[in-house]
Amino acid sequence: MRDLASVFKALADETRLEMLSLLFAHGELCVCDFSGTLEINQSKASRHLQYLKHAGILSDRRAGLWVYYAVRTDLDAPRKALVANVRRVLEARDHSEVEARFRRWMAQKAKYGAVCRIPVRRTRAAAGAAKEARR
């Protein structure tokens, strides 16, 4: 029962439901996509995504500095049933505002040609080397 309760707890948050809605609509997404679309910082996005991952709903993969998330395809029967029902409920709702923000984010991301636009803290040496390379 405890693991099932963790799934319900993970689903009992508006931000996490918006994240699931984006994943259902677009498949695998990077942390920066959630951050840019939902207008939350990277730390908060990662924390919500980890909550869903620990509940057994999401899988993740690392690509360089970034982590990409997707709804697991190998869910056990209870999670599979819950996720399928949540998907039906979310798909029946109007997500035009979130989708518009997602499209704006993706256009901005494409415009700058960056994988993600979340700044990475650099050491002074790395910042100096980058400045020197631009000269």
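Residues numbered from 1 in each chain as written. Predicted model: local features only at pLDDT ≥ 70, side-chain atom pairs only at ≥ 80, totals over all residues. Heavy atoms only, no water.

S.K.: How do you make sense of the overall build of the protein when you look at a structure like this?
M.R.: Scanning the protein for helices and strands turns up seven helices and three strands. Ordered by position from N to C terminus, the α and β elements of the protein give α-α-β-α-α-β-β-α-α-α. The buried share among the 135 residues of the protein stands at 39%. In the protein, once contacts between residues fewer than 6 apart in sequence are set aside, the share between residues at least 24 apart is 62%. Carbon and sulfur atoms make up 52% of the accessible area of the protein, which totals about 8,700 Å². (Helix = DSSP H or I, 4+ residues; strand = E, 2+ residues; numbered from the N terminus. Buried < 20%, exposed > 50% of the residue type's maximum accessible area, 1.4 Å probe, protein only. Contact = heavy atoms within 4.5 Å. Areas by Shrake-Rupley, 256 points an atom, 1.4 Å probe, with all protein chains shown as cover.)

S.K.: Would you mind showing me how to read the packing of helix α1 (residues 2-11) against helix α5 (residues 77-91) here?
M.R.: In a packed pair of helices, the relevant descriptors are the angle between the two axes and the axis-to-axis distance. As a packed pair, α1 and α5 sit with axes 11 Å apart at the nearest point and diverge in direction by 20 degrees. On the basis of their axis angle, the class for α1 and α5 is roughly parallel. Classified by chirality, the crossing of α5 by α1 is right-handed. For the pair formed by α1 and α5, the contact residues are Asp 3, Leu 4, Ser 6, Val 7, Phe 8 and Leu 11 on the first element and Pro 78, Arg 79, Leu 82 and Val 86 on the second. (Axes fitted to C-alpha atoms, helices over the stretch in contact; angles between N-to-C directions. Parallel < 35°, antiparallel > 145°, perpendicular 65-115°, else oblique. Left-handed = near helix turned anticlockwise from the far one by under 90°.)

S.K.: Help me understand the sheet that holds strand β2 (residues 58-63) in this model?
M.R.: Two strands in a sheet stick together by hydrogen bonds in their backbones, pointing the same way (parallel) or opposite ways (antiparallel). Reading across the sheet, the three strands line up as β1-β3-β2 and stay open at both edges, with antiparallel pairing between neighbours. Looking along the sheet, the strands with just one partner apiece sit at the ends: β1 (29-30) and β2. Both β2 and strand β3 (residues 66-71) contribute to a ladder of six bridges, which runs antiparallel. Directly across from Arg 61, in β3, lies its bridge partner Tyr 68. (Pairing = 2+ DSSP bridges.)

S.K.: Looking at this structure, how should I read helix α6 (residues 96-112)?
M.R.: In an α-helix there are 3.6 residues to a turn, and that puts residues three or four apart on one side. A rise of 1.5 Å per residue sets the reference length of α6, with its 17 residues, at 24 Å; its end C-alpha atoms lie 24 Å apart and thus fit the reference within 8%. All of the buried residues in α6 are Val 98, Glu 99, Arg 101, Phe 102, Trp 105 and Lys 109. The buried residues of α6 occupy one face: seen down the axis, they fall within an arc of 160 degrees. Along α6, exposed side chains directed more than 90 degrees from the buried face belong to Glu 97, Arg 103, Arg 104, Ala 110 and Lys 111. (Expected span 1.5 Å × (residues − 1). Arc of directions from axis to C-beta.)

S.K.: For this particular structure, what's the right way to read the packing of aromatic side chains?
M.R.: The geometry of an aromatic ring pair is captured by the separation of the ring centres together with the interplanar angle, meaning the angle of the planes. The tally for this structure, following the rule as stated, stands at zero aromatic pairs. Against the face of Tyr 51 rests Arg 16, its NZ or CZ located 4.0 Å from the ring centre. Taking the ring centre of Tyr 68 as reference, the NZ or CZ of Arg 61 above it sits at 4.7 Å. (Phe/Tyr/Trp six-rings, centres within 6.5 Å; stacked < 30°, edge-to-face > 60°. Lys NZ or Arg CZ within 6 Å of the ring centre and 35° of its normal.)

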